[in-house]
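Here are the chains, one letter per residue:
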Amino acid sequence: MAHRKTKGGATVSFRRYLFSTNHRVIGVQYLVLALVSVTIGTLLSLLMRIHLVWPDYIVPFHGPILPEDYLALVTIHGTIMLFFVLTTAPQSGFGNLILPSQIGARRMAFPVANAISFWLTATALLILLSSTFVPGGSAISGWTAYPPFSAIASAGPGQGFGMDMWLASIAVFAIAGTIGAINTLVTIIKLRCEGMTWDRIPLTVWGWFTAALLSVIAFSVLLAALLLLFCDRHAGTSFFVPTGDLVNGVIHAAGHPGNGSPLLWLHLFWFFGHPEVYIAILPGMGLTSMLLANFSRRRVFAYRMMIFTTLLIGFLGILLWGHHMFVAGLNPYAASAFAVSTMAIAIPASAKVLSWLVTVWRSRPRYTTAMLFSLGFVSLFITGGLTGPVLAQPILDEYLHNTFFVVAHFHLIMAMAGIFGLFAATYYWFPLMSGRFMSERLGRLHFWTTIVGAYATFLPMHLTGLMGEPRHYAQLIGVPNAAGHLLAGTLPLNRFITWSAIFLATAQLLFFANLIHSLYRGKIAPPNPWQATTLEWHPALHPNAPFETSDGRIVVYRQPCEYLATAGEELILPQWRSDGIPNIKPE
Ligand SMILES: [Cu+2]
């Protein structure tokens, strides 16, 4: 109110902010969208956990959770978290906020397209959320939308209009994601400043670059699959529904000459779905490399190998979608090929872990909150990654498929590691954006409660999975016969998991409190508070610079994370620094 000059002026500046084409504003918009989404997604997961162990719980303003409600919770939780949090926040949020500066650019390549992709993403979220209020409610076929469930409107409640809205939402999201990815690629290829050669690009940018490459390939296939599914539902085609399929007592696609197959959907969907995992986590891997190095005052061990492994993970990531289909009726030879390619990805992944460990080994790191979350990322990446090669064995997957073992695996490696990357990014870049530090004391408390909560929630799921607890089941209590006996056996552990999930979610209030408190009351930060070496802290690119440099030209002279230790004193060598210090040859 204070700085509002005229009524009209205020409206204009509000509108200018809302429909801004500035990459930093758009980045913040994406992050706010992701924050809203993660809050909703977390509350939905708590409802699921509560229902599993206290099935009589009555949801305020709703009533008891019916089986179809539970499946709708599973669907919307997965869809929101995968698309609107784990894809949106690292790639579009921090990507927009930081990426241009890290390569010495002042903008993204296509600012208008950038704003359009944000508004498409926001529209997609709105469509998804409003599907709850249409007759029949939200879709219940999970974030993977397997046919024939997803192809036939009468297959269950929510599979009518709710499913159409799910398809519309994800289609709009896929278009937005593709535009955003093209923007990212062109920005990195075309707008790098002088001296920013490919081997001097920060690993975070390599993460965004590889994720964008994957996005273009994966989202376009997803979009095609969504269109085909839409045609099956409304245009009388039969891509995914076999002739004569009996669903809810009705024979479907009886008059169609084409004999569709759900297997086709699985191929198309997982060709998108597996790379999606890497889209979510590659930026976090890059950031981890940079933060571990910076807070230990060490160079990134084997920088060029880290670039290569990022690209290799991206490349292998598009070759192994079939490991989601071992029990779907694949040719056994195909299963072997997918098993081999899946296990092959352990090689670049392990090389990354090796570099992270060597980088911090015998250093004396500064344990800032951002550093702690990066170390947490490494820990979760290892713990979640170890079960990858287990699930990659077709014979073991035969038993473990669709059990909570799988839920444990991907929540640790993708959801938790991904979120830890986002927390590290927030604590690290908060001073850059706001000019203030986040509270380190609250931050450390947030870290320790979150990592304890994360392990307490997701480690025991391996055990309930090994005991045979299936995922997607709305009921553990009161099931007759042997199945009921099996499920009842998992109850004590499941109660523990639910309490842990409540603890983990509650701990996030510390983060919100810290965020709001620090925005107004945080300690004032100097221009380069972490003594970082990458360009987003360059005086001429700093968004909150209290200083103006006469020379706006930005030139890069070296790789990131280079330090000199002279007579007990350390000297940081930012990428833009040339004076008097010999240029260290890249490894
Ligand atoms: Cu996969």
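Residues numbered from 1 in each chain as written. Predicted model: local features only at pLDDT ≥ 70, side-chain atom pairs only at ≥ 80, totals over all residues. Heavy atoms only, no water.

### Overview of the overall build of the chain
Now for step 1: A count of helical and extended segments in the chain gives 16 helices and six strands.
Now for step 2: A compact globule built from 587 residues should have a C-alpha radius of gyration of about 25 Å, and the chain, at 25 Å, falls within 12% of that.
Now for step 3: Over its C-alpha atoms, taken along the principal directions, the chain stretches across nearly 80 × 60 × 45 Å.
Now for step 4: Counting all 587 residues of the chain, 57% fall into the buried class. (Helix = DSSP H or I, 4+ residues; strand = E, 2+ residues; numbered from the N terminus. Rg over C-alpha atoms; globule rule 2.2 N^0.38 Å. Buried < 20%, exposed > 50% of the residue type's maximum accessible area, 1.4 Å probe, protein only.)

### Digging into the packing of helix α6 (residues 203-234) against helix α8 (residues 303-317)
Now for step 1: Interaxial distance between α6 and α8 falls to 9 Å at its minimum, and their mutual angle equals 15 degrees. Between α6 and α8, the crossing angle belongs to the class labelled roughly parallel. For the pair α6 and α8, the sense of crossing is right-handed. When α6 is examined against α8, the residues Leu 203, Trp 206, Gly 207, Thr 210 and Leu 214 are found in contact with a partner set consisting of Tyr 303, Met 306, Ile 307, Thr 310, Leu 311 and Gly 314.
Now for step 2: Its residues assigned to classes, the contact of α6 with α8 comprises seven nonpolar, four polar and no charged. (Axes fitted to C-alpha atoms, helices over the stretch in contact; angles between N-to-C directions. Parallel < 35°, antiparallel > 145°, perpendicular 65-115°, else oblique. Left-handed = near helix turned anticlockwise from the far one by under 90°. Contact = heavy atoms within 4.5 Å. Nonpolar A, V, L, I, M, F, W, Y, C, P; charged D, E, K, R; others polar.)

### Regarding the coordination of the copper ion
Now for step 1: Surrounding the copper ion are the protein donor atoms His 274 (ND1), His 323 (NE2) and His 324 (NE2), at 1.8 to 2.0 Å.
Now for step 2: Here the donor residues of the copper ion are spaced in sequence according to H-x48-H-H. Taken together, the positions of His 274 in helix α7 (residues 262-296) and His 323 in the loop between α8 and α9 (332-344) put the pair 49 residues apart, joining distant regions of the chain. Summarising the burial analysis for this pair, His 274 and His 323 share the class buried. (Donors = N, O, S within 2.8 Å, 3.2 Å for Na, K, Ca; no water.)

### Details of empty space enclosed by the protein
Over the atoms, a rolling probe the size of a water molecule traces out where space has been left empty.
Now for step 1: For the structure on display, the rule yields five cavities of 30 Å³ or more.
Now for step 2: Taken as a whole, the largest cavity holds about 210 Å³ of empty space.
Now for step 3: In terms of lining, the largest cavity is formed by 20 residues, of which the most central are Gln 91, Ser 92, Gly 177, Gly 180 and Ala 181.
Now for step 4: Breaking the lining of the largest cavity down by element, the ones donating at least two residues are α3 (67-102), α4 (111-130), α5 (161-190) and α6.
Now for step 5: Here the lining of the largest cavity is built from residues that sort into seven nonpolar, 13 polar and no charged.
Now for step 6: What the second largest cavity holds in volume is close to 100 Å³.
Now for step 7: Lining of the second largest cavity is provided by 13 residues; of these, Pro 90, Pro 283, Gly 284, Leu 287 and Gly 421 occupy positions nearest its centre. (1 Å grid on protein atoms, 1.4 Å probe; cavity = no way out; pocket = protein on both sides within 12 Å on 5 of 7 lines; lining within 4 Å. Points joined across faces, edges and corners; volume = space filled by probe spheres on them.)

### Details of α4
Now for step 1: Taking 1.5 Å of rise per residue, 20 residues should cover 28 Å, and α4 covers 29 Å from first to last C-alpha, within 8% of that figure.
Now for step 2: Within the span of α4, buried status applies to Asn 114, Ala 115, Ser 117, Phe 118, Thr 121, Ala 122, Ala 124, Leu 125, Ile 127 and Leu 128. (Expected span 1.5 Å × (residues − 1).)

### Some remarks on the layout of surface pockets
Now for step 1: Space inside the second largest pocket adds up to approximately 590 Å³.
Now for step 2: What lines the second largest pocket is a set of 20 residues, among which Leu 44, Leu 47, His 62, Leu 73 and Thr 132 lie closest to the centre.
Now for step 3: Elements supplying a minimum of two residues to the lining of the second largest pocket: α2 (23-53) and α3.
Now for step 4: The dominant element in the lining of the second largest pocket, judged by the number of residues it contributes, is α3, at five residues.
Now for step 5: Within the lining of the second largest pocket, the residues separate by chemical class into 13 nonpolar, five polar and two charged.

### Here we look at unusual backbone geometry
Now for step 1: Cis geometry marks the peptide bond from Pro 147 to Pro 148; its omega dihedral reads 5 degrees.
Now for step 2: Topologically, Pro 148 is positioned in the loop between α4 and α5.
Now for step 3: At Phe 61, a residue that is not glycine, the phi angle is positive and equals roughly 65 degrees.
Now for step 4: Mapped onto the elements, Phe 61 comes out in the loop between β1 (58-59) and β2 (63-64).
Now for step 5: With a phi angle near 60 degrees, Cys 561 is a residue other than glycine that sits in the positive phi range.

### Structural notes on α7
Now for step 1: Over its 35 residues, α7 runs 51 Å from end to end, which matches the ideal 51 Å to within 8%, given 1.5 Å per residue.
Now for step 2: Of all bends in α7, the biggest is about 35 degrees, found at Ile 281, and the proline Pro 283 comes one to four residues later.
Now for step 3: One side-chain oxygen of the residue at the start of α7 lies 2.9 Å from the amide nitrogen of Leu 263, identifying that residue as Ser 261. (Bend = angle between axes of the 7 residues up to and from the residue. Polar contact = N/O pair within 3.5 Å; in protein donor to acceptor, adjacent residues only side chain to side chain.)

### What about the side chain of His 77?
Now for step 1: Position of His 77 among the secondary structure elements: in helix α3.
Now for step 2: Judged by its relative accessible area of 14%, His 77 is buried.
Now for step 3: Contact partners of His 77, with chain neighbours within four places excluded, come to Gly 41, Leu 44, Ser 45, Met 48 and His 411.

### Focus: the confidence of the model for the chain
Now for step 1: Confidence in the prediction for the chain averages 91 pLDDT; 93% of positions are at 70 or higher.
Now for step 2: Below a pLDDT of 50 lies the segment residues 1-8, which in the model reaches one contact outside its immediate sequence neighbourhood of four places, other chains included. (pLDDT = per-residue confidence, 0-100.)

### Some details on the environment of Gly 522
Now for step 1: Checked against the element boundaries, Gly 522 lands in the loop between α16 (491-521) and β5 (562-566).
Now for step 2: Given the relative accessible area of 7%, Gly 522 is considered buried.
Now for step 3: It is 9.2 Å that separates the C-alpha atoms of Gly 522 and Pro 431, two residues lying 91 residues apart in sequence.
Now for step 4: If we ignore the near neighbours within four places in the chain, the residues touching Gly 522 are Arg 436, Phe 437 and His 517.

### Brief notes about the nonpolar core
Generally speaking, nonpolar side chains in soluble globular proteins are found buried as a group.
Now for step 1: Core analysis: the biggest nonpolar cluster contains 171 residues, and Phe 83 and Trp 429 have the highest contact counts within it.
Now for step 2: The element best represented in this core is helix α13 (residues 404-434), accounting for 20 residues.
Now for step 3: For Phe 83, the residues in contact, after removing those within four places along its chain, are Thr 88, Trp 143, Ile 170, Phe 173, Phe 219, Leu 222 and Phe 272. (Core = buried A, V, L, I, M, F, W, Y, C linked by side-chain atoms within 4.5 Å.)

### Some remarks on the packing of aromatic side chains
How two aromatic rings sit relative to each other is given by the distance of their centres and the angle of their planes.
Now for step 1: In total, this model carries 42 aromatic pairs according to the counting rule given.
Now for step 2: What links up through ring pairs into an aromatic cluster is the set Phe 83, Phe 84, Trp 143, Phe 173, Phe 219, Phe 239, Phe 240, Trp 265, Phe 269, Trp 270 and Phe 272.
Now for step 3: Against the face of Trp 198 rests Arg 192, its NZ or CZ located 4.1 Å from the ring centre. (Phe/Tyr/Trp six-rings, centres within 6.5 Å; stacked < 30°, edge-to-face > 60°. Lys NZ or Arg CZ within 6 Å of the ring centre and 35° of its normal.)

### Digging into the pattern of salt bridges
Now for step 1: Inspection of every chain in the model, using the stated rule, returns five salt bridges.
Now for step 2: Where Glu 440 meets Arg 444, a salt bridge forms, and the shortest distance between an N and an O atom there is 3.9 Å. Highlighted residues: Glu 440 and Arg 444, both in helix α14 (residues 440-466), separated by four residues, approximately one helical turn.
Now for step 3: Three or more residues are tied together by salt bridges with common partners; here these are Arg 299, Arg 558 and Glu 562. (Salt bridge = Lys/Arg side-chain N within 4 Å of Asp/Glu carboxyl O.)

### A look at the packing of α8 against helix α10 (residues 346-360)
Now for step 1: At their nearest, the axes of α8 and α10 sit 9 Å apart, and the two run at 150 degrees to each other. In terms of axis orientation, α8 runs roughly antiparallel to α10. Classified by chirality, the crossing of α10 by α8 is left-handed. Each of Met 305, Met 306, Thr 309, Thr 310, Leu 312, Ile 313 and Leu 316 in α8 lies in contact with α10, whose residues at this interface are Pro 348, Ala 349, Ala 351, Lys 352, Ser 355 and Trp 356.
Now for step 2: For the contact of α8 with α10, the residue count by class is nine nonpolar, three polar and one charged.

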